[in-house]
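Here's the letter readout for the chains.
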Amino acid sequence: MSASLASLMYAFIGLPLLAVAGLNLAGRRLTRRICRPLGVFVGLAQMAVAVISQLLLLQYHKSSVSFSQFWDMTVSDSAAYLRVDAFSLVALFCIGMAVAAAFSFKWFDSEHNAFNFTNMALLLMLGLNGAALVTDLFSLYVFIEIAGLCSYTLTALYREERGLEGGFKQLILGALASVLILIGLAFIFMECGSLRYDALALFFSEELPLPILDYLAFLFLIGGFGIKAGLVPFHQWLPDVYESAPAPVSILLSGIATQMMGTYALIRIMSELKGGAADPVADAILLLLGLITIFVGALAALAQKDMKRCLAYSSISQIGYIVLGVSCGNAFGFIGAMLHFFTLTLGNTVLFTDAAAVDLATNTTDMERLGGLQKQMPLVGVTNLIAFLSNAGLPPAVGFWSKLLIIIAVWQSGNGFIAGLALVAGVLTVACCLKVQRKVFFGPDVEELSGVSAPRGGVVVSSLTLSGLIVVAGLLIPFLLRMLQAQGLF
Amino acid sequence: MGSQWLILACIFVPLLGSFLLPVLGRINTNARNLASLLFVLVSLVCAVLALHPAMTGQPLRVWLELPQGLSLGFLGDGMAILAAMAFSLTAAVIIFYSFGYIERFENLNEYYFMVTLFMGAVMGAVFSTNLILTYAFWEITSICCWRLLGFDRSEKSIRLAGKALLVNVCGSLLMLAGFISVYMNMGTFNLLDMQGRGVDNWLMALMLCGILAKAAVLPLHSWLPASSDAPAPVSALIGGAVMVNLGVYIYARLFLAGFQLEPVWTVVTPAIAAVSALISAGAAMRETDIRRIMAYSAVCQTSFILMGVSCGTMIGAAGGLISILMNALACGGLFLCAGTVERSTGVRDINELGGLAKNMPLTALSFGLCALSVMGLPPFGGFFAKYMLIAGAVQSGHIWLALLFAAAALMTVIYLLRVFTRVFFGPLINHEATERSWEMVVSMLILGGLTLLTGLFINVPSDIAVYVAESLGRW
Amino acid sequence: MNAFSSLIASGGGLGLLLLMVALPALLGLACLALSRRSYGGQALLFFLGATVNLILALFILFGEEQTVLLPWAGFEINLALRIYGFSRLMLILSAVLFFLSALYSVAFMRRENRSGQVFFYCLLALAFTNGVFLANNFVTLLFFWEGILAVCFAAQLYNDRPKVRTAVKTLVLGAAGDIMFIVGVAVTAVQSGTLMMDVVSGLAAEGPGALGFIGLALGALARACAVPFQSWLPDAAAEAPLPFVVTLPVCLERVAGAYLLLRVTGGFYALAPGSALSIALMIVGVLTFLAGGMMALIQRNLKRVLAFVAIGQAGLLLLGAGSAVPAGSDGALLSLFAQVPALMCMFFAAGQVEQSTGSADLRRLGGLGHLMPFTGVAFVLGAACAAGLPPFGSFFADQLIFSAVNDADILLYIGSLLGLFFTAAALMRVGATCFFGPVRLPEGMEREQVKEAPGAMALPTVLLAVAGLGMGVLIGPFSSAVRNVTGSTVEGWSFSLVLCLIYVIALLLAVLNHITGHRATGEALRAADHIHYLPGLYRVYDAAERHYLDPYNILMGVVRVYSWLCRMIDRCLSWIYENLLERLVDRGSGALHDLNTGVVNQYLLWTLGGLAFLVLLFLVLV
């Protein structure tokens with residue numbers, strides 16, 4: 001039984017690798033045409049596999065499955081291995097979804113660019129899959145570096161002035177983040193001799209109070225991943241990159257890349273290493289960072305003139321919520337953070353797909369020149385509204401439940417006032433949603449935009465299905481909670 | 001399973017049916033209009049059918065067990081049925097009114113979708129017994145209210161609709177913070193387990209903010225008059241009849257049938273309501289725009305009900321519940337008549353209106369009936385409601401409260417008379433004004449007639465209210 | 001005959017009492033339904049309503065006590081009707097008076113339009129008034145009480161601006177009184193623990209009870225048109241159709257107001273004779289009596305003079321009831337029986353004058369006694385009874401009231417004497433100008449056109465005039481009959497000779513003053529100018545002329561200032577939402593936006609700064 005399950009897991013690594021190999025080996029004419037559908041297929045396949053494995057896990061009442069003996073990095077005897085549990089499956093599902101959405105519409109005019117984009121995106125997917133599967137910190141770092149490099153090249157893929165500048169900024173700050181993470185890993189390795197999650201969990205659980213070195217290590221890790229995730233003091237690069245990157249790349253970045261490299265790693269560290277034991281210092285720092293991120297992100301979003309920049313700042317604010325959820329370290333917190341991870345992926349993908357649709361139709365995303373597009377593209381308007389309301393945490397979308405769980409978790413961990421503040425900050429996101437809706441879709445119509453035609457094909461299909469998923473997931477959450485209770489996680 | 005499906009039908013027929021309307025709208029607009037009216041009428045019929053079990057002691061219950069005290073449930077007790085009947089009845093008439101009124105606007109699919117979704121969410125909020133579920137439906141009504149208020153897409157109305165949504169969302173988020181802290185203390189969101197348990201003051205203040213925002217009571221009321229240039233059925237549905245009264249109903253559901261408040265709150269909330277009633281009545285007397293006068297009047301009457309429900313006596317509570325019905329009918333009627341006057345004369349300033357009774361007699365008649373009911377003159381329903389409210393205030397021991405509300409009641413008479421006599425009597429100024437479509441006239445007359453009918457047969461609503469007030473077992 | 005009465009009796013109070021309330025209303029609706037053309041049908045229905053009401057009232061007068069109790073709106077709010085001594089008396093009085101006014105109205109409305117509406121409003125008013133007399137539950141009383149107000153408002157709703165303004169004035173002043181009445185009822189219910197009126201008696205009128213008493217008293221004052229609520233009556237009398245004015249404001253409303261006043265001061269609350277509330281009530285009474293008399297002195301419209309005299313009489317009634325002495329309240333009751341018919345008779349005469357000469361303006365009328373002898377005689381008799389001349393019933397009633405007032409306080413006594421003087425002088429002036437002296441007619445009217453009123457109108461006028469005289473002559477048997485119906489224990493009254501002499505001297509002074517003023521100015525109309533232009537008095541009169549003293553205008557002034565204040569509060573609240581919050585948020589987000597300059601080394605600086613901040617935080621926390 002577990003053998004068949006383990007073999008299924010290889011698909012996560014195998015699919016992107018085979019796709020890239022096949023793409024480069026096959027003839028020129030053939031690959032040019034099939035590269036976009038291939039991308040969509042790989043994304044959808046990964047989503048399917050993730051769902052199947054989750055169901056299998058449930059059926060056999062196992063919380064996680066480990067597989068693949070060949071990957072052995074550490075010198076210690078216990079072989080390192082890849083592992084799949086509920087949270088990594090959610091992450092993998094989100095990766096697949098973001099990739100499928102990114103490939104769903106025709107963006108690049110020249111064949112050449114499309115081919116390069118597909119290769120880079122599949123490599124990025126490989127890196128992210130690896131990060132979700134590994135069980136030790138160093139492999140996590142390696143895979144995050146792979147994904148990082150791919151995202152820098154993707155941003156600058158178009159070779160026009162703005163893309164290059166965005167890629168350059170991402171490279172500089174990414175390098176700084178890598179340095180910080182590496183220092184942190186070194187400290188931890190010096191301290192406890194092994195970077196494996198279970199070994200570290202053992203080490204940290206019985207040795208309280210921690211030596212100073214470990215606190216410093218945590219500090220650097222939080223700093224490094226903070227830059228990757230875009231927490232407030234380190235968030236400056238994010239809006240420029242999202243704005244300047246071509247549309248499918250911004251979907252990939254905002255939807256999954258930043259999240260995986262930043263917040264997923266933070267969640268892994270806080271849950272695996274700590275084993276759930278609340279370490280006051282790290283929690284307090286993360287709590288404070290999260291709160292500042294929420295408020296600054298939402299406030300800055302209100303002042304933006306460009307639609308993509310506004311969405312970027314709003315996504316920074318949502319990342320703050322995930323960090324808040326992680327910082328309180330109890331069952332509610334992790335499930336809330338995981339759910340909000342899923343919500344944010346869904347939300348950002350839909351929002352940036354809509355931005356792409358608006359860009360396709362009017363080739364501008366400057367909100368001053370847009371208006372009244374609800375008449376020309378009603379579906380895009382509605383999906384934009386649903387995604388924004390989910391990000392703002394209003395019922396009946398899934399965002400409401402995830403934000404609710406996070407707020408309850410923070411309240412349970414004792415600091416009720418901060419939870420209240422975070423909850424009321426939702427108003428700022430609602431205000432941002434109103435601004436975007438008023439400026440772009442819901443307002444009085446602008447005359448020179450009257451000739452605009454509604455976007456066809458992949459863009460509308462992907463945003464419709466994903467926003468449908470938002471609402472359906474929102475309605476199904478109560479039953480999801482019962483399932484989790486059955487699994488003993490809740 | 002018994003007849004629990006009644007409650008589910010009452011909520012989910014309009015809620016889920018509303019998603020069909022845009023599709024139906026593409027096929028045939030009349031079918032869409034009738035379908036939306038039908039959905040609301042279904043919830044009215046279900047509420048009426050569910051009345052008997054509620055009055056004979058075993059109210060209908062729907063229950064979904066969930067972990068960690070998050071279990072969702074609906075309960076059709078007397079209070080819920082009375083409010084549900086009031087809201088769905090008024091909403092059905094308002095939708096029928098909009099058949100004649102709304103034709104001139106475009107994107108009507110969205111209008112009917114939002115109205116029916118709004119009514120579904122209102123029914124959900126009325127019946128739900130789980131705080132989170134109540135909050136969820138509560139928030140959906142705010143979103144629908146935003147889309148409806150900004151319905152005619154003009155720059156000004158959208159900005160004001162946005163402001164209304166922000167005030168509502170801010171209030172309800174504070175209320176959610178209150179709910180979560182209640183969850184922390186009591187470990188469950190289920191209202192039925194919380195009956196009679198105390199709740200400390202700052203928590204009550206949080207929850208009160210949400211209610212004040214939704215019920216447009218003074219400190220948080222400015223979104224209602226500001227959004228009075230929305231289409232008439234929208235401002236009637238949101239400002240006059242349903243959403244504003246839903247806020248007060250939720251106060252009754254939380255603090256009459258739910259928590260046991262400290263006695264200090266039976267002074268503070270009525271005091272807020274009194275100040276709100278006095279200032280909004282004052283503002284109404286000064287206003288010259290007929291639609292804004294009706295908005296201020298709605299704010300004033302809702303503060304009346306809030307006083308009744310919060311003054312802590314049985315007759316006050318029963319008076320509050322009855323006046324939810326009376327206010328829904330009468331204020332809804334006033335808004336519709338104001339909308340008809342504006343539609344046929346194109347003028348909103350009452351100084352430029354006059355003598356309309358000559359060529360708009362039916363509108364004048366229904367406006368008169370609704371105005372006399374709001375003023376509280378017999379034989380209208382408003383008379384009994386006002387007596388019970390003032391008797392409740394007196395029985396609660398705070399005579400000053402009763403005197404403040406007596407002053408507000410007198411000002412209500414003054415500003416409603418000012419509008420009624422200046423617009424409908426005296427020399428005819430707007431000669432071209434005629435009563436347009438028959439749907440508008442019939443629905444106004446229905447509401448006017450209902451105010452008279454509920455007055456003559458007051459024992460029907462008052463039996464329910466008395467039964468509910470006694471079953472609370474609190475006095 | 002007795003079969004019919006036994007049927008009614010055996011049918012239990014239910015049939016009879018509900019009939020008293022429902023029948024007039026239904027007949028009124030029938031009148032309204034009939035179109036203008038069939039005036040005969042409307043008149044027949046109207047008259048039928050009046051006669052049936054009179055017959056039923058007679059049955060009730062001689063039948064035994066009956067009660068009706070129907071559940072209505074929970075909390076002891078139920079439709080309760082009851083017949084007992086005092087209500088029987090009031091019912092028969094209002095029934096007789098309504099019958100006479102019906103007789104007059106049927107003839108009067110033949111030449112007027114809107115007859116169906118007027119008949120409908122009169123019958124509806126009768127129904128509500130019967131309801132007030134029969135009510136045995138405070139909320140039922142309240143229901144019919146405000147019903148009278150609603151009818152009074154609806155009847156004056158016409159399309160021209162002044163009539164509408166009067167209707168608004170009526171409803172606002174009436175609503176003010178009724179809302180205080182609601183508060184009074186609520187407090188009384190709390191004090192006595194029940195809403196049933198037959199159970200409530202002898203409540204203490206101090207502490208919270210005082211508010212209950214004041215509430216109920218204000219409610220009664222509103223209907224009886226005493227000072228704070230009086231300014232709508234003269235306008236209504238001048239503009240509304242005469243039959244309606246006579247039926248409701250002059251007759252039914254004042255009887256209802258007096259009924260409630262006497263029950264409140266006598267029954268519900270045990271008012272101590274010298275107590276503060278009693279003195280306050282009597283002060284209001286004197287003010288009303290004086291205001292009515294003085295204003296009547298300077299009016300130029302016949303009906304306005306009579307309206308102010310009616311207000312004055314309400315003051316007199318208030319004096320009697322307020323004195324809280326059995327003599328005073330019996331005096332008030334008797335004065336009700338004497339004054340109301342007299343005033344109705346004068347209004348009927350004024351109606352005849354207006355209908356035949358087309359105007360009620362005293363400056364254009366004179367010497368009509370020669371052309372309309374019957375009307376003249378009736379008016380003089382009515383005026384004499386209203387003024388309180390000795391042989392008339394009102395003289396005896398006034399003695400009782402004045403003796404009670406004299407026992408209470410000497411200043412009040414002098415005030416009421418002044419009031420008497422002014423009322424008598426005003427009546428003398430209006431009677432003299434209108435019916436005596438040289439004949440003067442409005443332009444374009446010849447002497448032949450002015451005809452005496454038809455029989456149907458003259459009969460009730462004369463009957464009412466004679467009623468006051470008859471009551472005076474047979475005061476002994478009449479008062480004993482009244483006493484055994486109301487079951488009050490007081491035997492006879494003693495009339496002190498001294499007070500009678502002072503009273504008569506006051507009347508003679510009024511006559512003397514009229515004669516000297518008449519001779520001095522040469523015409524009866526300006527007989528009272530010397531009083532009008534007295535140095536101190538002139539400014540008061542001038543203020544009254546310009547309606548400064550009118551409580552309605554004072555209320556509206558206060559309302560205008562208050563609403564301006566509320567609007568300011570509302571404006572600044574919405575300014576906070578619209579501008580303040582928005583600007584704050586914009587400035588905050590603008591500042592954050594500028595931080596992001598787009599230069600990479602700026603970002604590096606921020607990142608390193610953030611790390612330093614983390615380290616600092618870490619050091620602080622550990």
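About the criteria used
- Residues numbered from 1 in each chain as written.
- Chains lettered and ligands numbered in written order.
- Predicted model: local features only at pLDDT ≥ 70, side-chain atom pairs only at ≥ 80, totals over all residues.
- Heavy atoms only, no water.
- Helix = DSSP H or I, 4+ residues; strand = E, 2+ residues; numbered from the N terminus.
- Rg over C-alpha atoms; globule rule 2.2 N^0.38 Å.
- Buried < 20%, exposed > 50% of the residue type's maximum accessible area, 1.4 Å probe, protein only.
- Contact = heavy atoms within 4.5 Å.
- Areas by Shrake-Rupley, 256 points an atom, 1.4 Å probe, with all protein chains shown as cover.
- Lys, Arg positive; Asp, Glu negative; His and termini not counted.
- Charge placed at Lys NZ, Arg CZ, Asp CG, Glu CD.
- Phe/Tyr/Trp six-rings, centres within 6.5 Å; stacked < 30°, edge-to-face > 60°.
- Buried area = accessible area lost by both parts, 1.4 Å probe.
- Salt bridge = Lys/Arg side-chain N within 4 Å of Asp/Glu carboxyl O.
- Polar contact = N/O pair within 3.5 Å; in protein donor to acceptor, adjacent residues only side chain to side chain.
- 1 Å grid on protein atoms, 1.4 Å probe; cavity = no way out; pocket = protein on both sides within 12 Å on 5 of 7 lines; lining within 4 Å.
- Points joined across faces, edges and corners; volume = space filled by probe spheres on them.
- Axes fitted to C-alpha atoms, helices over the stretch in contact; angles between N-to-C directions.
- Parallel < 35°, antiparallel > 145°, perpendicular 65-115°, else oblique.
- Left-handed = near helix turned anticlockwise from the far one by under 90°.
- Domains from an automatic or database assignment.
- Core = buried A, V, L, I, M, F, W, Y, C linked by side-chain atoms within 4.5 Å.
- Patch = residues over 30% accessible without salt bridge, like charges linked within 9 Å, V, L, I, M, F, W, Y side chains within 5 Å.

### Points about the overall build of chain B
Logical step 1: The number of helices and strands found in chain B is 20 helices and 2 strands.
Logical step 2: Relative to the compact-globule value of 23 Å for 475 residues, chain B shows a C-alpha radius of gyration of 21 Å, a close match.
Logical step 3: Expressed as lengths along the three principal axes of its C-alpha atoms, the size of chain B is roughly 65 × 55 × 40 Å.
Logical step 4: Taken across its 475 residues, chain B has 73% of its residues classed as buried.
Logical step 5: Taking the contacts inside chain B whose residues are at least 6 apart along the sequence as the reference set, 82% of them involve residues at least 24 apart.
Logical step 6: Surface exposure of chain B reaches about 12,300 Å², of which carbon and sulfur atoms provide 68%.

### Observations regarding the overall build of chain C
Logical step 1: Each helix and strand counted, chain C has 24 helices and 4 strands in total.
Logical step 2: When its C-alpha atoms are laid out on the principal axes, chain C stretches across 115 × 65 × 60 Å.
Logical step 3: In chain C, 80% of the contacts between residues at least 6 apart in sequence involve partners at least 24 apart.
Logical step 4: A total accessible area of about 23,100 Å² is found for chain C, and carbon and sulfur atoms account for 71% of it.
Logical step 5: Each charge class in chain C can be summarised by its mean position, and for the 33 positive and 33 negative side chains these summaries are 8 Å apart.

### Quick look at the packing of aromatic side chains
Residues and elements named next belong to chain A.
Logical step 1: All chains considered together, the criterion is met by 54 aromatic pairs over all chains.
Logical step 2: Relative to Phe117, the ring of Phe103 lies with its centre 5.1 Å away and its plane at 55°, an arrangement referred to as tilted. Separated by 14 residues along the polypeptide, Phe103 in helix 3 (residues 86-103) and Phe117 in helix 4 (residues 111-133) bring together distant segments of the chain. Assigned by exposure class, Phe103 and Phe117 land together as buried.

### Observations concerning the interface of chain B and chain A
In many reports, interface size means the accessible area that the parts give up when they come together.
Logical step 1: On the chain A side, the residues contacting the 35 residues of chain B number 32 residues.
Logical step 2: Across the interface of chain B and chain A, roughly 3,200 Å² is buried in total on both sides, 84% from carbon and sulfur atoms.
Logical step 3: Connecting chain B to chain A are 0 salt bridges.
Logical step 4: Inspection of the chain B/chain A interface yields 0 residue pairs in polar contact (both at pLDDT 80 or more).
Logical step 5: Elements supplying a minimum of two residues to the side of chain B that touches chain A: helix 7 (131-149) and helix 8 (155-186) of chain B.
Logical step 6: Per-element accounting of the side of chain B that touches chain A gives the leading share, 16 residues, to helix 8 of chain B.

### Digging into the interface of chain C and chain B
Logical step 1: Listed as interface residues are 49 residues of chain C and, on the opposing side, 57 residues of chain B.
Logical step 2: For the chain C and chain B pair, buried surface summed over both sides reaches about 4,600 Å², with 77% attributable to carbon and sulfur atoms.
Logical step 3: For the chain C face of the interface with chain B, the top three residues by lost area are Phe75, Asn159 and Tyr577 of chain C, together amounting to 15%.
Logical step 4: Our count for the chain C to chain B interface comes out at 2 salt bridges.
Logical step 5: When the shortest N-O distance is used, the salt bridge between Arg567 of chain C and Glu287 of chain B registers 3.9 Å.
Logical step 6: Here chain C is connected to chain B by 7 residue pairs in polar contact (both at pLDDT 80 or more).

### Concerning the environment of Val68 of chain C
All names here are of chain C.
Logical step 1: Positionally, Val68 belongs in strand 1 (residues 67-71).
Logical step 2: Residue Val68 is classed as buried on the basis of its relative accessible area of 5%.
Logical step 3: As a C-alpha pair, Val68 and Leu81 span 13 residues in sequence and 5.0 Å in three-dimensional space.

### Structural notes on the layout of surface pockets
Logical step 1: When its volume is computed, the second largest pocket comes out at roughly 1,500 Å³.
Logical step 2: Around the second largest pocket, the lining comprises 43 residues; the ones closest to its centre are Phe380 of chain B together with Phe120, Tyr121, Leu124 and Ala154 of chain C.
Logical step 3: Of all the secondary-structure elements, those providing two or more residues to the lining of the second largest pocket are helix 16 (361-375) and helix 19 (438-456) of chain B together with helix 2 (12-33), strand 2 (78-82), helix 5 (115-134) and helix 6 (138-155) of chain C.
Logical step 4: For the lining of the second largest pocket, the leading source of residues is helix 6 of chain C, giving 8 residues.

### Here we look at the pattern of salt bridges
Logical step 1: Under the counting rule described, the total for this entry stands at 24 salt bridges over all chains.
Logical step 2: One salt bridge connects Glu354 of chain C with Lys303 of chain C, and the closest N-O pair in it is separated by 2.8 Å. Of this pair, Glu354 of chain C sits in helix 13 (residues 326-357) while Lys303 of chain C sits in helix 12 (residues 302-322), and the two are 51 residues apart along the sequence.
Logical step 3: Arg363 of chain C is the salt-bridge partner of Asp361 of chain C, the closest N and O atoms lying 3.1 Å from each other.
Logical step 4: Judged by relative accessible area, which is 16%, Asp361 of chain C ranks as buried.
Logical step 5: Of the residues examined, Arg363 of chain C reaches a relative accessible area of 46% and is grouped as partly exposed.
Logical step 6: One network of salt bridges, with partners in common, ties together Glu165, Lys169, Asp240, Glu243 and Arg309 of chain A.

### Concerning the packing of helix 8 (residues 212-229) of chain A against helix 10 (residues 247-273) of chain A
All names here are of chain A.
Logical step 1: Close contact between helix 8 and helix 10 brings their axes to 7 Å; oriented N to C, the two are set at 150°. Looking at the two axes, helix 8 sits roughly antiparallel to helix 10. Seen along the crossing, helix 8 lies across helix 10 with a hand that is left-handed. On the side of helix 8, the interface is formed by Phe218, Leu221, Ile222, Phe225, Lys228 and Ala229, while helix 10 contributes Thr258, Met261, Gly262, Thr263, Ala265, Leu266, Ile269 and Leu273.

### Thoughts on the domain arrangement of chain C
Logical step 1: Domain annotation for chain C reports domain 1 (310-549) and domain 2 (550-585).
Logical step 2: Relative to domain 2 of chain C, the C-alpha centre of domain 1 of chain C lies at a distance of 49 Å.

### Some words on the nonpolar core
Residue and element names in this part refer to chain B.
Logical step 1: Counting 639 residues, the largest nonpolar core has Phe127, Phe259 and Tyr387 as its most contacted members.
Logical step 2: Looking at which element gives the most residues to this core, the answer is helix 5 (residues 78-101), with 18 residues.
Logical step 3: Setting aside its immediate chain neighbours within four residues, Phe259 contacts Leu131, Val182, Met186, Leu191, Met194, Arg197, Val199, Met207, Leu254 and Arg474.

### Points about a nonpolar patch on the surface
Logical step 1: Together, Trp575, Ile576, Leu580, Leu581 and Leu584 of chain C make up an exposed nonpolar region whose accessible area comes to about 430 Å².
Logical step 2: Among the structural elements, Leu580 of chain C can be located in helix 23 (residues 551-595).

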